[in-house]
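Residue-level structure breakdown
Below, each chain spelled out in residue letters.
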Amino acid sequence: MSRPRRQHRGRPTLLRRRGVVHDLLTRQPWASPLLALGAVVNAGALGYRLTEGWDWGDCYWMVLITLSTLGFSDPHTEVMHTGGRLVTALLLVGGLVVVQQTIQKLLELTNAGYFRRLRERRYRQQLQRTMNQHVILCGYGRIGREIAEQLSGEGVPLLVVELDPDRISEAQQRGLTVLQADATLDETLEEAGIHHCRALVAALPSNAANLYVILSARGLAPRARLIARADSSEAEGKLRLAGADQVVSPYVAGGRTMAATALRPLAVTFMDLLAGSDCEVEEFRLSPDPERLGSLNGASLAELQLGRRSGALVLAIRGASEAGNEPPLIANPGGDVRLEPGQLLVVMGSQGQLQVFADLLGPALAGVEVMQA
């Protein structure tokens, strides 16, 4: 009758330890030469300890001056015995080889850019931990610089994604946080924090590049607010089909601003003043579900007194879209205007006032978007 085999409890633990060491040597190529150098240093100190009986401080000091080939001798230095001399000889032969291999390996890693990539990876990991509710700006050209200046002036957290070294240097000189990567790649947008950003602005000089950015961003974060630059009406249509919430043409926007300045200069001045203040204009979208509106459904602005209770000002109201048709905008709504499911409320106020306004709407609120920061 065969005897049952004993289970070796220590074998799985040993295998796990070997696996950890293997992963360390594979992922950290600098670990192997440093471990070898550490083994030589400790083995030499142990050799002096056993052969000469010195304390550990003297043992390690002797290893140091031996490996560095400096040598040291004074009247207080004890004469080594045969065992100590043998340890010294082994250190000179084997230790110098290990030191040379270690230095050579570190130089190879430096020339190959390993440590630079390691710093970049740590920097990107730090960005993922610190960036939240920020704006991702893809491209730091002429349009991107203006966008960054406006957002930085408002104190909005901003992350610039750029590939050009000169533009990266210029952005860093202005104190901006920069991620050097290709904005058209999914992994770049994930590193930039697309899942928890406030908005993404695609301001690259190429319409095709902006289209790639919007497609990637919409696929990764379906609920993110995406804004894109377009140079033509055809590109604008394609960007909207790709998922852009807003498409801005610098030429069209500039022409409209110049025309508005010629016709209504005070209105344009007011918007410039608003951009430099703590006021914001936000869009409050009501839920299309009547049950979520509760008592707000069908109630008038006069009955609810939202403006008086929050301090914010309701500038306009737009009804729910039906069959792709956008209903007209009701500017400066009176107290008899009633709330309905799917409406869009354009409200102006400070951040605190807008937060109180959102709290008053409660579960009826489907989403909030900043129009003017």
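Residue positions are given per chain, counting from 1 as you read along its sequence in written order. Selection of residues for local features in this predicted model requires a pLDDT of at least 70, selection of side-chain atom pairs for listing and counting requires 80 or more, and totals for whole chains, interfaces and linings are taken over all residues. No hydrogens and no water enter the side-chain calculation; it runs on all heavy atoms of the structure.

1. Here we look at the packing of helix 9 (residues 207-220) against helix 10 (residues 233-242)
Packing of helix 9 against helix 10 brings their axes to within 9 Å, and their N-to-C directions diverge by 15 degrees. As judged from the angle between their axes, helix 9 and helix 10 are roughly parallel. Crossing geometry of helix 9 relative to helix 10 is assigned as right-handed. Counting all contacts with helix 9, which are made through Asn207, Asn210, Leu211, Ile214, Leu215 and Arg218, the residues of helix 10 involved are Ala235, Lys238, Leu239 and Ala242. Residues were grouped as follows: Ala, Val, Leu, Ile, Met, Phe, Trp, Tyr, Cys and Pro as nonpolar; Asp, Glu, Lys and Arg as charged; and all remaining residues, including Gly, as polar. For the contact of helix 9 with helix 10, the per-class residue count stands at 6 nonpolar, 2 polar and 2 charged. Axes here refer to lines fitted to C-alpha atoms; in helices the fit is confined to the stretch in contact. Angles between the N-to-C directions go from 0 to 180 degrees. Counting from the N terminus, the helices are the DSSP runs of H or I reaching at least four residues and the strands are the DSSP runs of E reaching at least two. Under this scheme an angle from 65 to 115 degrees is roughly perpendicular, one under 35 degrees roughly parallel, and one over 145 degrees roughly antiparallel; angles in between are oblique. Crossing handedness follows the turn of the near helix against the far one: under a right angle anticlockwise gives a left-handed crossing, and clockwise gives a right-handed one. Should any heavy atoms of two residues lie within 4.5 Å, those residues are considered in contact.

2. Describing the packing of helix 3 (residues 56-67) against helix 4 (residues 82-111)
Look at helix 3 against helix 4: their axes get within 9 Å of each other, and the N-to-C directions meet at 55 degrees. When the axes of helix 3 and helix 4 are compared, the pair comes out oblique. For helix 3 against helix 4, the interelement crossing comes out right-handed. Where helix 3 abuts helix 4, its residues Val63, Thr66 and Leu67 lie against Thr88, Leu91, Leu92, Gly95 and Leu96. Class assignment for the residues of the contact of helix 3 with helix 4 results in 5 nonpolar, 3 polar and no charged.

3. So, the packing of aromatic side chains
The criterion for an aromatic pair is that two Phe, Tyr or Trp rings (for Trp, the six-membered ring) have centres within 6.5 Å, with stacked assigned to planes under 30 degrees apart, edge-to-face to planes over 60 apart and tilted to the rest. For the coordinates displayed, the defined rule picks out 3 aromatic pairs. Arranged with centres 5.5 Å apart and planes meeting at 20 degrees, the rings of Tyr48 and Trp54 form a pair that is stacked. Each member of the pair, Tyr48 together with Trp54, is buried. Considering the side-chain rings of Phe284 and Phe357, the 5.1 Å spacing of their centres and the 55 degrees angle between planes classify their relative orientation as tilted. Working definition: with a 1.4 Å probe on protein chains only, accessible area under 20% of the residue-type maximum means buried, over 50% means exposed, and in between means partly exposed.

4. Quick word on the pairing of strand 4 (residues 199-202)
Covered by surrounding structure in strand 4 are Ala199 and Val201 together with Leu200 and Ala202, the residues of both alternating faces. Note on pairing: DSSP must find at least two bridges between two strands before they are called paired. For strand 1 (residues 135-138) and strand 4, the ladder comprises 4 bridges, and the chain directions are parallel. Looking at strand 4, one finds that Leu137 is bridged to Val201. With 3 bridges joining them, strand 4 and strand 5 (residues 226-229) adopt parallel strand pairing. The partner of Leu200 across the bridge, within strand 5, is Leu226.

5. What about a nonpolar patch on the surface?
Every patch collects residues that have over 30% relative accessible area and no salt bridge, joining them within 9 Å if they carry like charges and within 5 Å if they are nonpolar side chains (Val, Leu, Ile, Met, Phe, Trp, Tyr). The Shrake-Rupley method, run with a 1.4 Å probe sphere, supplies the accessible areas, and residue values consider only the shown protein chains as cover. In what follows, salt bridge is the name for a side-chain nitrogen of Lys or Arg lying within 4 Å of a carboxyl oxygen of Asp or Glu. On the surface, Leu46, Leu50, Trp56 and Tyr60 cluster together into a nonpolar patch covering about 410 Å² of accessible area. Within the residue set of the nonpolar patch, elements represented by two or more residues are helix 2 (31-52) and helix 3. Among the structural elements, Trp56 can be located in helix 3.

6. A word on the nonpolar core
One broad trend across soluble globular proteins is that nonpolar side chains are buried collectively. Judged by nonpolar contacts, the single largest core of 30 residues is most densely connected at Ile136, Cys138, Ile194, Leu200, Val213, Ile214 and Leu239. At the level of secondary structure, the elements contributing two or more residues to this core comprise strand 1, strand 2 (158-162), strand 4, helix 9, strand 5 and helix 10. The contacts of Ile214, once residues within four sequence positions are left out, are Leu200, Ala202, Leu226, Ile227, Ala228, Leu239, Ala242, Gly243 and Ala244. Among buried residues, the Ala, Val, Leu, Ile, Met, Phe, Trp, Tyr and Cys ones that are joined through side-chain atoms within 4.5 Å form a nonpolar core. Membership of the second largest hydrophobic core comes to 21 residues, among which are Phe284, Leu304, Leu354 and Ala358.

7. Examining the environment of Arg218
On the secondary structure map, Arg218 appears in helix 9. Separated by 24 residues in the primary sequence, Arg218 and Ile194 place their C-alpha atoms 9.5 Å from one another. Residue contacts for Arg218: discarding those within four places in its chain leaves Arg223, Ala224, Leu226, Ala242, Gly243 and Asp245. At 2.6 Å, the side chain of Arg218 and the backbone oxygen of Pro222 are in polar contact. Any pair of nitrogen or oxygen atoms within 3.5 Å is treated as a polar contact; in protein, a donor-acceptor pairing is required on top of that, and neighbouring residues in sequence qualify only through side-chain atoms on both sides.

8. Here we look at the sheet that holds strand 1
With respect to topology, 6 strands assemble into an open sheet ordered 3-2-1-4-5-6, the strand pairing being parallel. Unpaired on one side and paired on the other, strand 3 (177-180) and strand 6 (246-248) mark the two borders of the sheet. Taken over all neighbouring pairs, the strand axes of this sheet differ in orientation by 20 degrees on average, direction set aside. Pairing analysis gives 3 bridges linking strand 5 to strand 6, with the strands arranged parallel. Note that in strand 6 the partner of Ile227 across the bridge is Gln246.

None of the figures reported here should be taken as evidence of function without further support.
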